[in-house]
Amino acid sequence: MNKIELKKNFFEKGAKAFRKITGYGDYCYCCPICKGLFPFQAIKTGVLTMEHVHSEKLGGKPIALTCKQCNSTTGYTIDAAIVNRDKLNKSVEALVRKNGSYEGNYSLKMGGETINVNLEVHNGNVTINVP
Ligand SMILES: [Zn+2]
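Residues numbered from 1 in each chain as written. Predicted model: local features only at pLDDT ≥ 70, side-chain atom pairs only at ≥ 80, totals over all residues. Heavy atoms only, no water.

Here's the deal with helix H3 (residues 68–76)
Using the following cut-off: When accessible area is computed with a 1.4 Å probe and restricted to protein chains, residues below 20% of their type maximum are described as buried, those above 50% as exposed, and intermediate ones as partly exposed. Here a helix means four or more residues in a row that DSSP labels H or I, a strand means two or more in a row labelled E, and each is numbered from the N terminus. Taking the helix axis as origin, the arc is that swept by the directions to the C-beta atoms. Any two residues having at least one pair of non-hydrogen atoms within 4.5 Å are treated as being in contact.
Taken residue by residue, H3 has Cys-70, Asn-71 and Thr-74 as its buried positions. All buried residues of H3 lie within an arc of 100° about the axis, which places them on one face of the element. Counted as exposed and oriented over 90 degrees from the buried face of H3: Lys-68, Gln-69 and Tyr-76. Close packing links the buried residues of H3 with strand S3 (48–53), strand S4 (61–67) and helix H4 (78–95).

Written out as structure tokens, the structure reads:
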């Protein structure tokens, strides 16, 4: 199924579900984030976009249509939080469980002072570089 067919498929399912739940007469799609209503033409004009979980850049899969504004907002809020959580999980795995490697920036807080450092963990060996 190509991208347009997939969008049409999401639209059809969403519009049917919306009509069934609300009894609303017009054939439209409800953005699951902002609850805005959009006509079928919103697919062609690019107002309705494919929402991926995780983000498409991280190899995510399309799960629904959202309006362009919501998709953009989730891109820099929810997706960024997911990426940060993944980094945290990888660093904990490398630091605590000594499984895998990690390289990234960390904030160290000690005695009320905070400094940004670069942390490297390879085979359980920890290197902290202060830039
Ligand atoms: Zn929206």
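Additional details are given in the paragraphs that follow.
Overview of H4
Condition: Working rule for helices: expected span equals 1.5 Å times residues minus one.
The end-to-end C-alpha distance of H4 is 25 Å, a good match for the 26 Å that 18 residues give at a rise of 1.5 Å each. Among all positions of H4, only Asp-79, Ser-91 and Ala-94 are buried. For H4, the angular spread of buried residues about the axis comes to 115°, placing them on one side. Buried residues along H4 sit against H3, strand S5 (102–110) and strand S6 (113–122).

A few points about the pairing of S6
The test is simple: A pair of strands is treated as paired once DSSP finds two or more bridges between them.
In this structure, S5 lies alongside S6, joined through 9 bridges in antiparallel fashion. The residue bridging Tyr-102 from the neighbouring strand is Val-121, located in S6. A loop of 2 residues connects S5 with S6, the two strands running antiparallel in sequence, and Gly-111 in this loop sits at a positive phi of about 60°. Here S6 hands over to strand S7 (residues 125–129) after 2 residues, with Asn-123 in that stretch at a positive phi of 50°.

Concerning the pattern of salt bridges
Stated formally: For this analysis, a salt bridge means a side-chain nitrogen from Lys or Arg found within 4 Å of a carboxyl oxygen belonging to Asp or Glu.
Taken as a whole, this structure holds 1 salt bridge when the rule is applied. One salt bridge connects Glu-93 with Arg-97, and the closest N-O pair in it is separated by 3.1 Å. Owing to a relative accessible area of 55%, Arg-97 belongs among the exposed residues under this scheme.

Looking at the domain arrangement of the chain
In plain terms, the rule: Reported domain spans reflect what an automatic or database domain assignment gives. Take the accessible area each of two parts loses on contact, using a 1.4 Å probe, and add the two losses: that sum is the buried area. Any pair of nitrogen or oxygen atoms within 3.5 Å is treated as a polar contact; in protein, a donor-acceptor pairing is required on top of that, and neighbouring residues in sequence qualify only through side-chain atoms on both sides. Polar here means any residue outside two lists: the nonpolar Ala, Val, Leu, Ile, Met, Phe, Trp, Tyr, Cys and Pro, and the charged Asp, Glu, Lys and Arg; Gly therefore counts as polar.
By the assigned domains, the chain splits into domain 1 (3–76) and domain 2 (79–129). Computed from C-alpha atoms alone, the centre-to-centre distance between domain 1 and domain 2 is 36 Å. The interface is formed by 6 residues belonging to domain 1 together with 4 residues belonging to domain 2. Around 460 Å² of area is buried between domain 1 and domain 2 when both sides are counted, 55% of it from carbon and sulfur atoms. The interface formed by domain 1 and domain 2 includes 0 salt bridges. In this assembly, domain 1 and domain 2 are joined by 0 residue pairs in polar contact (both at pLDDT 80 or more). Residues of the side of domain 1 that touches domain 2, tallied by class, amount to 2 nonpolar, 4 polar and no charged.

Description of the coordination of the zinc ion
The condition is simple: Only N, O and S atoms count as donors, using a 2.8 Å cut-off from the metal and 3.2 Å for Na, K and Ca, and because water is excluded some sites may appear unfinished. Each label reflects the angles at the metal, where four donors whose angles all fall between 85 and 135 degrees are tetrahedral, four or six donors whose opposite pairs open beyond 155 degrees and whose other angles stay between 65 and 115 are square planar or octahedral respectively, and the rest are irregular.
The coordination sphere of the zinc ion contains the protein donors Cys-31 (SG), Cys-34 (SG), Cys-67 (SG) and Cys-70 (SG), at a distance range of 2.3 to 2.4 Å. Between the 4 donor atoms coordinating the zinc ion, the angles at the centre fall across 99 to 121°, so the site counts as tetrahedral. Here the donor residues of the zinc ion are spaced in sequence according to C-x2-C-x32-C-x2-C. Judged by its relative accessible area of 41%, Cys-34 is partly exposed.

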